[in-house]
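For reference, the chains in residue letters:
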Amino acid sequence: MRDRLVKRVGEVAAGGFVLAIGGLLAWILSTQVDYSLLASPLIARRFAEAFFLVIQIVVISSLLSVSLGVLVGLGRISTSNVTGRIAKGYVEFFRGTPLLFQLFVIYFGVPRLWATGEFPFTDWAIPAAIIGLTLNHGAYVGEAIRGGIDAVPNGQMEAARSLGMSRVMALRQVVLPQAWRNALAAIGNDQIILVKDTSLLTVIAVPEIMSVFRNINSNQLDPWTPLVWVCVLYLAITMSMSQLVNGLERRSDWGSDSRMFGRLSGLGSGDDDGGEEA
Amino acid sequence: MTGPLVEFDGVDKSFGDTQVLYDVDVDVDEGEVVVVIGPSGSGKSTLLRCANRLEEIQGGDIRLDGQSVIETDVNEIRQQIGMVFQSFNLFPHKTALENVALAPEKVKGEPEEEAKRAASDLLDRVGLADQAESYPGALSGGQQQRVAIARALAMEPRVMLFDEVTSALDPELVGEVLDVIEGLAADGMTMVLVTHEMGFAREVGDRIVLMADGRVVERTETRSFFDGPSTERGQQFLSRLL
């Protein structure tokens, strides 16, 4: 009976929350947003340009940071003390300092290491952005991969080795495919954060989505209209990304664990209204 | 060949400061089935794991057909020693067939088709031809363990080690696994088994090695062991079981 009461209270609270936020949103959308500005081709074009630039930066940084993360994860479990420590140091540094600081180091600091006029990049902002996002998220992906490897039972390595596989072969054939599956959710999470982190690039002069907002807001003195654009564009990227991750997770479900989890969650749902299916 | 196929010669093994094997001598002749029994913590499983160097030994030697296991390349020696584990350890991301074919393909470099054909024959031998495309998660414990046996056999080892392979199984699934092992014994496979199944030990074992506290306390023909152990420790152990 008590379970049911708690459930009901939760439903009322959640419903109230949705009503309040929905009401506020409806009020903003009806009083604050200038729909002719919202639909004007000028704004649409500028946001579209920023949107496609962000997508390019995200795709490149994603691929690079996941590749780097695999290397870092492998470094973390290396039998070599040197490799292990370097990987650990890398993770500590890039996880332990703000991305904004890292972007400043790369964007402002690095070109100063060359004599005036000698720095080979004329437009350094986008390369700097990709390098910063890759290095930063490579550290997080690396930790996700290491966690994924740690979660593979030791018996898997032993079984593979007992068949005569070398350690490297056992990692490649047996441990890593399982580690990847274990790490997928955490990696997906991190890559969604990467998408949102592109908003920081506005401060190193990358013409991305937030910089279009700042520009329109200061010209039109109207924050809400461009904010609608910003919200929709980010959600478009992050939501397609979660779809992609879900797809990947389904693909690497070996028809086994889903049953096991089904059985386990069946145990947990001994709940009095009997609504759940096992 | 004159000497024994597998020879544990004065094996000492420690984990840090704790010594778990003391001067263990065990010989296994070709085609023989040696069953290692003894109370928990007596070092039976550790002894097996030393044989294919999942554990390194601190003293003595282990020889396969006269050749020191310790001095041979580890990946080389393991191909000749098959091992089956208590917890199956099948690769969950591979089908039963792929589990069996993986090592012949990757380690021995057999062509995929050939490896798969051989794997399919082995699955047939353990009675699982119809489960070739199943993933381990969809198999029962007994079926998984039979796939694990096929997987070890796929490398065509000279000796098979079985480490309490029925201990993690539901009682009604033990029989199907023991049947497969009995079949191997009948085919003349050299085997070392660690087990708590005394009935099975009696049936399939040529010789019994009783271990206690890291030492071999009795080493004798199966029949004479079950008729009456010669040592007091052996009598104690048996009386507690029967």
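No experiment lies behind these values; they were computed from the predicted model shown. Throughout this description, residue numbers start from 1 for each chain and increase along the sequence as written. A letter from A marks each chain and a number from 1 marks each ligand, given out in the order of writing. Under the rules for a predicted model, residues below a pLDDT of 70 receive no local features and side-chain atom pairs below 80 are neither given nor counted, while totals for whole chains, interfaces and linings still include all residues. The basis for the side-chain values is all heavy atoms of the structure; hydrogens and waters are excluded.

## Observations concerning the confidence of the model for chain A
Phase 1: Of the residues in chain A, 91% reach a pLDDT of 70 or more, and the chain-wide mean stands at 90.
Phase 2: Across residues 257-278 of chain A, confidence stays below pLDDT 50; counting only partners more than four residues off in sequence or on other chains, it has nine contacts. Note on scores: pLDDT gives the predictor's confidence for each residue, bounded by 0 and 100. Pairs of residues are marked as contacts when any of their non-hydrogen atoms sit within 4.5 Å.

## As for the UniProt feature "transmembrane region" (unreviewed entry) in chain A
Residues and elements named next belong to chain A.
Phase 1: UniProt positions are given in the numbering used here, feature names are shortened, and annotations may be inferred rather than shown by experiment. When the UniProt feature table is mapped to this numbering, "transmembrane region" (unreviewed entry) covers residues 12-30, 50-72, 93-110 and 227-245.
Phase 2: The annotated region residues 12-30 carries 100% helix and 0% strand content, and the separation between its end C-alpha atoms amounts to 27 Å.
Phase 3: Helix and strand assignments follow DSSP, with helices taken as H or I runs no shorter than four residues and strands as E runs no shorter than two, numbered in order from the N terminus. Secondary structure over residues 50-72 splits into 100% helix and 0% strand, and the C-alpha atoms at its two ends are 31 Å apart.

## Overview of the pattern of salt bridges
Side-chain pairs of opposite charge can arise where the charged atoms are in close proximity.
All names here are of chain A.
Phase 1: Whenever a carboxyl oxygen of Asp or Glu lies within 4 Å of a side-chain nitrogen of Lys or Arg, that contact is scored as a salt bridge. Overall, the coordinates contain 21 salt bridges over all chains when judged by the stated rule.
Phase 2: Between glutamate 49 and arginine 45 there is a salt bridge, with its nearest N and O atoms 3.7 Å apart. Of the two residues, glutamate 49 and arginine 45 are both situated in helix α3 (residues 41-76); the distance of four residues between them amounts to about one turn of the helix.
Phase 3: Glutamate 143 serves as the salt-bridge partner of arginine 95, at 3.8 Å between the closest nitrogen and oxygen. Taken together, the residues arginine 95 in helix α4 (residues 81-96) and glutamate 143 in helix α6 (residues 125-150) connect sequence positions 48 residues apart.
Phase 4: To sort residues, take the accessible area from a 1.4 Å probe on protein chains only and compare it with the maximum for the residue type: under 20% means buried, over 50% means exposed, and anything in between is partly exposed. Under the relative-accessibility criterion, glutamate 143 is labelled buried at 14%.
Phase 5: Each member of the salt-bridge network shares a partner with another, and the members are Arg76, Arg95, Glu143, Arg146 and Asp150.

## Section: the environment of Leu184(A)
Residue and element names in this part refer to chain A.
Phase 1: By secondary structure assignment, the location of leucine 184 is in helix α8 (residues 167-197).
Phase 2: On the accessibility criterion, leucine 184 (4% relative accessible area) is buried.
Phase 3: As for leucine 184 and glutamine 156, which are separated by 28 residues in sequence, their C-alpha atoms are 19 Å apart.
Phase 4: Setting aside anything within four residues of it in sequence, one finds leucine 184 in contact with Val245, Leu248, Glu249 and Ser252.

## Brief notes about a nonpolar patch on the surface
Phase 1: Each patch is built from residues lacking any salt bridge and having more than 30% relative accessible area; the joining distance is 9 Å for like charges and 5 Å for nonpolar side chains (Val, Leu, Ile, Met, Phe, Trp, Tyr). Surface exposure here means Shrake-Rupley accessible area, sampled with a 1.4 Å probe, where a residue is shielded only by the protein chains that are shown. Taken together, the side chains of Phe17(A), Val18(A) and Ile21(A) present a nonpolar region at the surface, about 320 Å² in accessible area.
Phase 2: Among the secondary structure elements, Val18(A) is positioned in helix α1 (residues 2-31).

## What about the UniProt feature "domain: ABC transmembrane type-1" (unreviewed entry) in chain A?
Phase 1: UniProt records the feature "domain: ABC transmembrane type-1" (unreviewed entry) for residues 51-245 of chain A in the present numbering.
Phase 2: As a span, residues 51-245 of chain A carries 78% helix and 0% strand, and end to end its C-alpha atoms are 21 Å apart.

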